[in-house]
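Structure assessment
Listed below, chain by chain, are the residues.
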Amino acid sequence: MKLSSYLNESIWAVTEDRFATLRAAIEAIENGTVVREPETRTQEREPFLVMANGDRVSARDEASLRAASRGTAKAVLVVPFAGTIYPRMGGAAPPSGGTNLQATMSVLRRAVMDPSIASVIADFDSPGGMVAGIPEAAAEIRAMRGIKPMSSVANFQMSSAAFYLGSSFDEVVASPSSSLGSIGVVAQYVSEGAALEKAGIAVQTLKYPPLKAELDGVSPMSDEAMAYRMEQIRRIYDDFVSAVAAGLGISKAKVESDFGNGRSLDARDAVRVGMATRTATFDTVLADHMTGAIKRRNSFQRTSANRMSRAQAIELEPQRNADFLRARWQLPGAAPMRTANDLRRRWRLGN
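Each value, and the rule that gives it
- Residues numbered from 1 in each chain as written.
- Predicted model: local features only at pLDDT ≥ 70, side-chain atom pairs only at ≥ 80, totals over all residues.
- Heavy atoms only, no water.
- Salt bridge = Lys/Arg side-chain N within 4 Å of Asp/Glu carboxyl O.
- Helix = DSSP H or I, 4+ residues; strand = E, 2+ residues; numbered from the N terminus.
- Buried < 20%, exposed > 50% of the residue type's maximum accessible area, 1.4 Å probe, protein only.
- Pairing = 2+ DSSP bridges.

For the rest of this paragraph, the subject is the pattern of salt bridges. One pass over the structure, following the stated rule, counts eight salt bridges. For the salt bridge of Glu-171 with Arg-278, the shortest nitrogen-to-oxygen distance reads 3.1 Å. Of this pair, Glu-171 sits in strand β10 (residues 171–174) while Arg-278 sits in strand β13 (residues 278–279), and the two are 107 residues apart along the sequence. Accessibility expressed as a relative area gives 10% for Glu-171, which makes it buried. The closest approach of N and O atoms between Arg-278 and Asp-288, which form a salt bridge, is 3.1 Å. In this pair, Arg-278 sits in strand β13 while Asp-288 sits in helix α12 (residues 282–290), placing the two residues ten residues apart along the sequence. Relative accessible area serves as the criterion here: at 21%, Arg-278 is assigned to the partly exposed category. When salt bridges that share partners are traced, they join Glu-171, Arg-278 and Asp-288 into one network.

Following this line, the structure appears as structure tokens:
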């Protein structure tokens, strides 16, 4: 399948300029040109631990996080969301990368249940990305709240899918020159049929049932396909607004009326309308976490036993629905789990 077809069939929560850049990058790849996304600086970042003495240790994946945190005093984990966010690398992702959401969430899950990690900072410099995986990740982050303090920082861009995720943390902090928002969903369809015909290439698409291969990239999009696509986009947008409202503890109406209506807002306006809690630099937020000034949200506090069982359930049972997890773990108000070691034995977690 051509990468341009992959882009045609995908739905994105990304800024308009980045969407145009992605299409140009994919066309260049198809023409044999290796391209890099503009965020070369941000894409070189990886998760790291800040130790009590200020030392920084790489935690780029779950294994390195486990090794780095073992036997340490309380540390702060910094998790970057840099460049375009993809559910996993490959597919339309440029060779220079972006954020691998699957790998990043794996590190975040481990950090939430690791007693040697005191708190988490999500460091955002992203224009958004593919919708795939974003709703699940945002819901999972919201479920983690109350286990330990978690801040998200717009350093310096938290747009579209990035804001979808960032609004799910305990607090949203905007660096003074940052931009936040761009709440919306975008998709494009490019038909190459006319160009192929001009080049003397005839393409016949054989399909069944009739609605199969509606977006084949050759035929113009039918009115029926357009209406169906728009309904998908509206539904995803509604889920986006609902997730932001749930993360920030506000109404959907406020999100739709005050949060830019698809535009990004600067830091001052973002704080004014309630998109962000405060303005501060990343270093200030890190210092707050190192001194213990950031507290988890009281409304999400759990007993320590239930915190561990909840974190384990998030990691080990992602396919189960929330009602099953509550019944299985009796999440809140449960009789406490016995010990973390007992839990590991039951689920064969290892160390």
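Let's shift gears to the pairing of strand β7 (residues 117–126). Within β7, nine of the ten residues are buried, which leaves the element mostly enclosed by the surrounding structure. By the bridge criterion, eight bridges tie strand β4 (residues 75–82) to β7 in an arrangement that is parallel. Bridge pairing in β7 places Val-76 opposite Ser-119. Of the strand pairs in this sheet, β7 and strand β9 (residues 150–159) are connected by seven bridges, and their pairing is parallel.

Turning next to unusual backbone geometry. A positive phi is found at Ser-182, a non-glycine position, where the angle reads about 55°. The residue Ser-182 is located in the loop between β11 (179–181) and α8 (193–198) in this model. The phi torsion at Asn-261 lies on the positive side, around 50°, for a residue other than glycine.

Taken by themselves, the reported measurements are silent on function.
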